[in-house]
Amino acid sequence: MTIYRRVLKYLRPYWLKLVASMACSVMFSLFSGMSIYLTIPLLETLFFQPTAAPATAAVSQSGASFLPEWIVHLKDGLAEGFQQLVFRPNPIDSLFNICIVVVVAFFFRNIFGYLQSNLMMAVEQGLIRDVRNTLYRHIHALPLAYFSNERTGNLISRIMNDVPVINTGISATFQTMIREPLLIAVYLAITLIISWKMTLIAFVVFPLATVIIAWIGRRVHKESGLVQERIADLTSVLHETISGVKVVKAFGMEDFENKKFARVGQSYLDTILRVTRIRNLASPSTEFLSAAAGAVIIWYGGMQVLQHEALKASEFLGFLFAVFQLMPTIKELSGVNNRIQEATAAGKRVFEILDTEPGIRDTATPQRLNEFQSSIEFRNVSFHYVDGDPVLQGVSLRINKGDVVAVVGPSGAGKSTLVDLVPRFYDPTGGVIMIDGLDLRDVELKSLRENIGIVTQETILFNDTVRNNIAYGLEDCSIERIEEAAKAANAHGFISAMPNGYESLIGERGVKISGGERQRLALARAILKNPPILILDEATSSLDTESEILVQEAIERLMTGRTSIVIAHRLSTVQHADRIVVIEGGKIVETGKHQDLLKKRGGLYKKLFDLQFRV
């Protein structure tokens with residue numbers, strides 16, 4: 001229940017609505033009881049035509065012997081007041097008055113039921129929103145390493161599917177667990193007033209039902225986690241195949257993906273059917289036991305009316321109405337434990353994410369980096385993703401302000417990892433990185449990244465307008481500034497040719513435009529941000545010759561006056577760098593200018609250059 005208590009903390013902002021909802025539940029229950037109890041005088045008026053005190057004027061003998069005296073007096077007083085209000089010498093007038101009271105009782109019963117449902121809906125949906133927002137914010141705080149080990153579909157499933165399941169537990173606690181027991185209390189009071197002996201018979205069923213419900217609850221809790229995992233599997237397959245639909249079609253893998261989705265869907269079906277079979281045991285079990293008790297009550301009550309005359313027929317029928325109103329109420333209450341168990345299982349999956357501590361965070365007193373002034377320095381930096389498998393080893397490198405430093409090397413050498421340490425996507429596992437003489441871990445993360453612009457080979461664009469993609473992260477940015485950035489990135493021409501210009505939608509991940517156009521939009525975004533430090537991670541490696549020329553021109557404009565770290569696969573793009581750093585096996589093996597490195601016989605840079613430009 002620790003998980004469930006954590007969920008309940010999210011209800012604090014809604015305590016007024018919860019109190020109002022509970023008050024409405026109380027009134028709903030009272031008017032529900034009144035609407036049932038009114039059947040007794042109604043039956044007396046219709047079928048027995050009392051000339052003196054009606055059925056409500058006195059307690060039956062079977063009930064009076066059990067009730068405390070003060071309750072008997074209270075009940076008799078209320079009955080007398082009701083008699084004076086409703087009953088008239090003429091039965092027709094009495095019938096009319098009873099009908100009016102019944103209508104009023106049902107009117108207020110439904111008004112309070114309506115208010116209670118709306119108040120609880122506001123609470124429940126507010127809680128879903130708050131938990132989702134908290135989860136979403138926390139996901140953004142997690143480091144990149146977390147996302148390397150988690151499936152995107154699984155994270156989406158926890159946000160979209162698990163959080164609403166948590167809500168079913170809240171509904172069970174603050175709606176079913178409050179309203180239904182109140183209804184049970186009211187109906188039980190009515191039955192006790194009429195006949196305590198028949199009431200005892202009715203509730204013999206409770207211990208048996210409780211044992212069954214507890215067993216079902218334990219099984220549901222165990223299986224509910226599996227249901228959410230199967231939903232996550234389905235979401236993951238959907239996300240992967242839809243995002244990679246071009247590859248699926250290119251390799252003719254439609255049948256394979258269809259079979260995989262069907263297999264995962266069958267696994268989900270098997271799990272949900274198993275849970276449903278277990279959950280559905282509660283209702284028929286409780287209902288059967290209630291029906292069995294009802295049969296005994298009817299027999300016993302009928303005997304009291306027919307043979308012993310200890311109970312009036314109208315009271316007996318009123319008792320049956322109350323008991324049979326209890327049955328669906330108890331039936332509804334019997335499913336509460338199952339819903340709470342399901343909510344707890346879903347909450348466990350949600351809090352697994354929330355309990356994951358962000359590995360990259362600010363210190364207690366971070367230093368703000370207002371302006372990059374002197375240098376970035378790697379001091380004996382090492383890094384590994386997995387223990388015992390180093391990606392970088394003993395890297396020492398100084399990049400002065402205004403330098404253009406190119407990082408080259410074979411695939412898997414650690415180039416991208418090296419530059420990912422600068423904006424603190426990861427922290428080094430050994431050594432230290434300094435910026436303007438400050439340990440990078442002591443610098444405020446937000447201010448650090450405000451000073452860095454990044455353009456990668458895999459361009460990330462959003463399903464939004466061209467304008468909003470370029471101005472991403474900037475509020476109230478004028479169209480003039482956006483156009484200037486687009487012109488500098490050689491993007492203004494193709495943007496202007498689009499149907500709606502800068503207001504054109506580019507589709508998810510920019511699918512409506514070419515790779516070169518996507519890259520130029522990313523460059524325009526970096527130019528508009530105007531960062532003093534620029535990181536280019538193979539920004540032209542996947543482009544055709546024409547697009548590469550346009551993008552390279554934009555890159556040269558972007559690099560002007562900035563400190564630039566360039567990862568390049570095509571060595572022709574880094575020949576004019578102030579310094580070239582060659583990495584192999586996570587270590588710096590060569591540094592120098594292009595011409596100097598070419599003179600080193602047997603050097604790795606010369607070997608890579610010769611492989612690219614061999615005739």
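Up top you'll find the structure we're talking about.
Read on for a plain summary of the structure.

Quick notes on the rules
- Residues numbered from 1 in each chain as written.
- Predicted model: local features only at pLDDT ≥ 70, side-chain atom pairs only at ≥ 80, totals over all residues.
- Heavy atoms only, no water.
- Helix = DSSP H or I, 4+ residues; strand = E, 2+ residues; numbered from the N terminus.
- Buried < 20%, exposed > 50% of the residue type's maximum accessible area, 1.4 Å probe, protein only.
- Contact = heavy atoms within 4.5 Å.
- Areas by Shrake-Rupley, 256 points an atom, 1.4 Å probe, with all protein chains shown as cover.
- Pairing = 2+ DSSP bridges.
- Salt bridge = Lys/Arg side-chain N within 4 Å of Asp/Glu carboxyl O.
- Phe/Tyr/Trp six-rings, centres within 6.5 Å; stacked < 30°, edge-to-face > 60°.
- Axes fitted to C-alpha atoms, helices over the stretch in contact; angles between N-to-C directions.
- Parallel < 35°, antiparallel > 145°, perpendicular 65-115°, else oblique.
- Left-handed = near helix turned anticlockwise from the far one by under 90°.
- Nonpolar A, V, L, I, M, F, W, Y, C, P; charged D, E, K, R; others polar.

### Remarks on the overall build of the protein chain
Counting secondary structure elements, the protein chain contains 24 helices and ten strands. Residues counted as buried form 48% of the 615 residues belonging to the protein chain. Sequence-distant contacts, at least 24 apart, represent 78% of the contacts inside the protein chain between residues at least 6 apart. Carbon and sulfur atoms make up 59% of the accessible area of the protein chain, which amounts to about 31,100 Å² in all.

### A look at the pairing of strand S3 (residues 404-408)
Most of S3 is tucked away: five of the five residues are buried. Every second residue of S3 is oriented toward a common face, with Val404, Ala406 and Val408 on one face and Val405 and Val407 on the other, all of them buried. Strand direction decides the pairing type here: S3 and strand S8 (residues 563-567), joined by four bridges, are parallel. Pairing of Val404 across the sheet is with Ser564, part of S8. Bridge analysis of S3 against strand S9 (residues 579-584) gives four bridges, and the strand direction is parallel. Within the sheet, the bridge partner assigned to Val405 lies in S9 and is Arg579.

### Things to note about the pattern of salt bridges
This structure, assessed with the given rule, holds 17 salt bridges. Between Glu444 and Arg368 there is a salt bridge whose closest N-O contact spans 2.7 Å. Here Glu444, found in the loop between strand S5 (438-439) and helix H17 (445-450), pairs with Arg368, found in the loop between helix H15 (336-354) and strand S1 (375-386); they are 76 residues apart in sequence, far enough to count as distant. According to the relative accessible area criterion, Glu444 is partly exposed, its value standing at 22%. Arg368 sits in the partly exposed class, given a relative accessible area of 43%. Notably, a salt bridge pairs Lys606 with Asp610, separated by 3.5 Å at the nearest N-O pair. Here the residue Lys606 and the residue Asp610 both occupy positions in helix H24 (residues 604-613), the gap between them amounting to four residues, near one helical turn. Its relative accessible area of 27% is what places Lys606 among the partly exposed residues. Classification of Asp610 as partly exposed rests on a relative accessible area of 35%.

### Description of the packing of aromatic side chains
As enumerated under the stated definition, the model contains nine aromatic pairs in all. On the numbers, 5.6 Å between centres and 90° between planes, the contact of Tyr146 with Phe147 is edge-to-face. The partly exposed category is assigned to Phe147, whose relative accessible area is 31%. Centroid distance Phe462 to Tyr472: 4.8 Å. Interplanar angle 25°. Geometry classified as stacked. Here Phe462 is found in the loop between strand S6 (452-456) and helix H18 (466-470), whereas its partner Tyr472 is found in the loop between H18 and helix H19 (479-488), with ten residues between them in sequence. An aromatic cluster is defined as three or more aromatic residues linked by ring pairs; in this entry it consists of Phe31, Phe107, Phe108 and Phe112.

### Some thoughts on the environment of Glu254
With respect to the helices and strands, the residue Glu254 is situated in helix H12 (residues 254-279). Between the C-alpha atoms of Glu254 and Thr241, which are 13 residues apart in sequence, the distance is 9.4 Å.

### Some words on the environment of Ile482
Checked against the element boundaries, Ile482 lands in helix H19. Residue Ile482 is classed as buried on the basis of its relative accessible area of 0%. Distance from Ile482 to Ile527, taken between C-alpha atoms, is 9.3 Å for residues 45 residues apart in sequence. Beyond its immediate chain neighbours, meaning those up to four positions away, Ile482 contacts Arg467, Ile470, Ala471, Cys477, Tyr502 and Leu528.

### Topic: the packing of helix H2 (residues 15-37) against helix H8 (residues 152-194)
Where H2 meets H8, the axes come as close as 9 Å, and the angle between the chain directions of the two elements is 30°. When the axes of H2 and H8 are compared, the pair comes out roughly parallel. Of the two elements, H2 crosses H8, and the hand of that crossing is right-handed. Between H2 and H8, the contacting residues are Leu18, Met22, Ser25, Val26, Phe28, Ser29, Leu30, Ser32, Gly33, Ile36 and Tyr37 on the first element and Phe174, Ile178, Arg179, Leu182, Leu183, Val186, Tyr187, Ile190 and Ile193 on the second. Residue composition of the contact of H2 with H8, grouped by class: 15 nonpolar, four polar and one charged.

### Overview of the packing of helix H6 (residues 91-141) against H8
Where H6 contacts H8, the axes come no closer than 9 Å and their chain directions differ by 145°. Here H6 and H8 pass one another in a crossing that is right-handed. The residues of H8 that touch H6, namely those facing Gln116, Ser117, Met120, Glu124, Gln125, Leu127, Ile128, Val131, Arg132, Leu135 and Ile139, are Arg158, Ile159, Met160, Val163, Pro164, Ile166, Asn167, Ile170, Ser171, Phe174, Gln175 and Arg179. Broken down by class, the residue content of the contact of H6 with H8 amounts to 13 nonpolar, six polar and four charged.

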